[in-house]
Amino acid sequence: MNSITKSLLKSIKHGQAAWLRSSSTHSGKQCLPKLVLGIETSCDDTGAAVVDDAGNILGEALHCQKEVHLKTGGIIPLVAQQLHRENIEQIVKEALSISGVSVNELAAIATTVKPGLALSLGVGLEYSLKLVNKYKKPFIPIHHMEAHALTIRLTNQVEFPFLVLLLSGGHCILAVAQGVSDFLLLGQSIDIAPGDMLDKVARRLSLSKHPECHSMAGGKAIEHLAQTGNRQHYTFRVPMQHYRNCDFSFSGLQNLVNKVIIQKEKEEGLQKGELLSCIKDIAAAAQHAVAVHIVKRTYRAMLFCIKHSILSPKNATLVVSGGVASNQYIRKGLQILADANGFAFLCPPPRLCTDNGVMIAWNGIERLRAGLGVLHCTDGIRYEANAPLGIDISKRVEEDSIKVPRLKMKI
Ligand code: KG4
Ligand code: ZN
């Protein structure tokens with residue numbers, strides 16, 4: 001079996017798209033694949049992976065801090081920093097060892113430098129710069145949200161431009177990906193992200209004490225309980241209905257849910273922290289309001305992009321990623337929306353929707369291929385806790401004041 005066949009089989013094995021493979025042969029000669037090590041520490045996951053320029057994941061490792069943060073009821077930045085420090089070396093070594101690649105063989109090292117928790121970003125950057133300087137490797141600083149947005153190009157054949165919706169514990173963004181580092185920001189959350197809201201509701205409902213939800217992330221616990229709840233027992237007003245833009249808001253919705261919880265606790269004579277009998281119905285109604293809000297804003301984004309020919313109605317695609325994108329109820333709502341508007345609907349597999357080293361390595365490959373932001377000198381490189389994604393055209397979206405038609409959404 002020749003090496004091209006081998007590499008093709010490897011692509012199939014890893015479930016990667018073959019369409020991006022252009023660089024393995026050049027002028028009839030076989031070239032060595034370019035390899036990038038990706039390092040992720042922007043929040044509470046320490047991730048590392050080695051990916052080649054054909055999109056093969058050669059090795060990956062991940063350390064999740066979720067269990068620790070669940071106990072403290074949220075991420076304490078100093079604790080997250082300490083855990084990253086304790087794990088980063090091992091995780092990077094593991095990813096390299098699984099891949100069978102030595103640092104010397106890497107074409108570059110890519111690391112998340114923005115946005116995220118400052119203390120967490122600092123650990124990844126410091127460690128990466130040590131490697132970069134020791135082995136004299138190019139460095140590719142990565143924007144965490146750009147990496148989430150581009151992950152789909154590792155797993156599926158998706159050409160630019162496409163509409164992308166990123167839903168996580170820290171972010172809620174609607175953007176158009178026009179190129180590897182070319183984004184139009186259509187809207188984002190004006191307060192908290194949906195994952196953060198669902199985590200807070202889950203904590204207020206004490207779902208970690210529920211026998212079916214032990215050690216589940218808040219959003220996952222809500223989804224699980226909602227499956228057997230009746231959403232029609234409660235109605236939560238969908239946020240921002242009178243704002244014809246693509247921004248999101250979840251803190252008002254969280255307050256509405258809290259009010260109902262307090263009222264129900266009174267009615268049932270329960271103390272805060274004790275499990276309500278109607279927990280599943282509240283979870284279902286809260287999840288429904290989150291889903292409808294997300295679908296409506298995305299609907300407006302689709303109409304805006306088609307109206308201004310930013311996307312072609314013939315081959316428009318909606319990509320959804322981030323931890324909350326693994327929620328099947330929200331996905332179904334978005335699928336209905338995409339079908340109704342002739343958009344293809346794509347999500348990376350769940351393990352690549354949440355934070356990981358693979359997406360950072362892949363973003364490094366994309367940047368390497370495009371020749372964008374590959375640094376040979378790292379003087380003055382800093383991490384940035386806050387960093388917008390792309391060019392903000394959200395005011396332009398609002399000026400259009402597009403009315404979203406009613407959508408029959410029987411999820
Ligand atoms: O992308 P991610 O792993 O980390 C960042 O926030 O960057 O997302 C984590 C968030 C958490 O808020 C978690 O509760 C939420 O994703 N999440 C879910 C589900 N699984 C995880 N939310 C809704 N439904 C789920 N199935
Ligand atoms: Zn993330």
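Look up a bit, the structure's there.
All residue numbers refer to position in the chain's written sequence, counted from 1. By the order in which they are written, chains take letters starting at A while ligands take numbers starting at 1. pLDDT decides what is reported in this predicted model: residues at 70 or higher carry local features, side-chain atom pairs at 80 or more are listed and counted, and totals for whole chains, interfaces and linings draw on all residues regardless. As a rule here, side-chain values cover all heavy atoms of the structure and leave hydrogens and water aside.

### Digging into the sheet that holds strand E9 (residues 172-179)
- With respect to topology, 6 strands assemble into an open sheet ordered E12-E11-E8-E9-E10-E13, the strand pairing being mixed. Only two strands of the sheet have a single partner each, and these edge strands are strand E12 (344-346) and strand E13 (391-392).
- As paired strands, strand E10 (residues 182-188) and E13 are joined by 2 bridges and run parallel to one another. Looking at E13, one finds that leucine 184 is bridged to isoleucine 391.
- Here, residues are in contact when the closest pair of their heavy atoms is within 4.5 Å. Each axis is a line fitted through C-alpha atoms, and for a helix only the stretch in contact is used; angles between axes span 0 to 180 degrees, taken between their N-to-C directions. Numbering of helices and strands runs from the N terminus; a helix is a DSSP stretch of H or I covering at least four residues, while a strand is a stretch of E covering at least two. Contacting strand E8 (162-167), strand E11 (317-321) and E12, helix H11 (residues 328-340) runs over the sheet at an angle of about 160 degrees to E12. One bridge is not enough; two strands pair if DSSP finds at least two bridges between them.

### Let's talk about the sheet that holds strand E3 (residues 35-40)
- In spatial order, the strands read E5-E4-E3-E6-E7; together these 5 strands make up an open sheet with mixed pairing. Two strands close off the open sheet at either side, each with one partner strand: strand E5 (57-64) and strand E7 (139-143). In this sheet, adjacent strand axes meet at a mean angle of 20 degrees when their direction is disregarded.
- Sheet strands touched by helix H13 (residues 357-370): E3, strand E4 (45-52), E5, strand E6 (108-114) and E7. Its angle to E3, the strand with the most contacts, is close to 135 degrees.

### Comments concerning the coordination of the zinc ion (ligand 2)
- For the zinc ion (ligand 2), the full set of protein donor atoms is His144 (NE2), His148 (NE2) and Asp355 (OD), at a range of 2.1 to 2.2 Å.
- Metal-centred angles of 91 to 149 degrees between the 4 donor atoms at the zinc ion (ligand 2) mark the site as irregular.
- All donors of the zinc ion (ligand 2) belong to a single chain; written as a sequence motif, their spacing is H-x3-H-x206-D. Of this pair, histidine 144 and histidine 148 both sit in helix H5 (residues 144-150), separated by 4 residues, roughly a single helical turn.
- Summary of the burial criterion: residues with accessible area below 20% of their type's maximum are buried, those above 50% are exposed, and those between are partly exposed, where the area comes from a 1.4 Å probe applied to protein chains only. Residue class for histidine 144 comes out buried when judged on its relative accessible area of 4%.
- For histidine 148, a relative accessible area of 1% corresponds to the buried category. Here a donor is an N, O or S atom found within 2.8 Å of the metal, or within 3.2 Å if the metal is Na, K or Ca; sites may look incomplete because water is not among the atoms. Any site counts as irregular unless it has four donors with all angles between 85 and 135 degrees, making it tetrahedral, or four or six donors with opposite ones more than 155 degrees apart and the rest between 65 and 115, making it square planar or octahedral.

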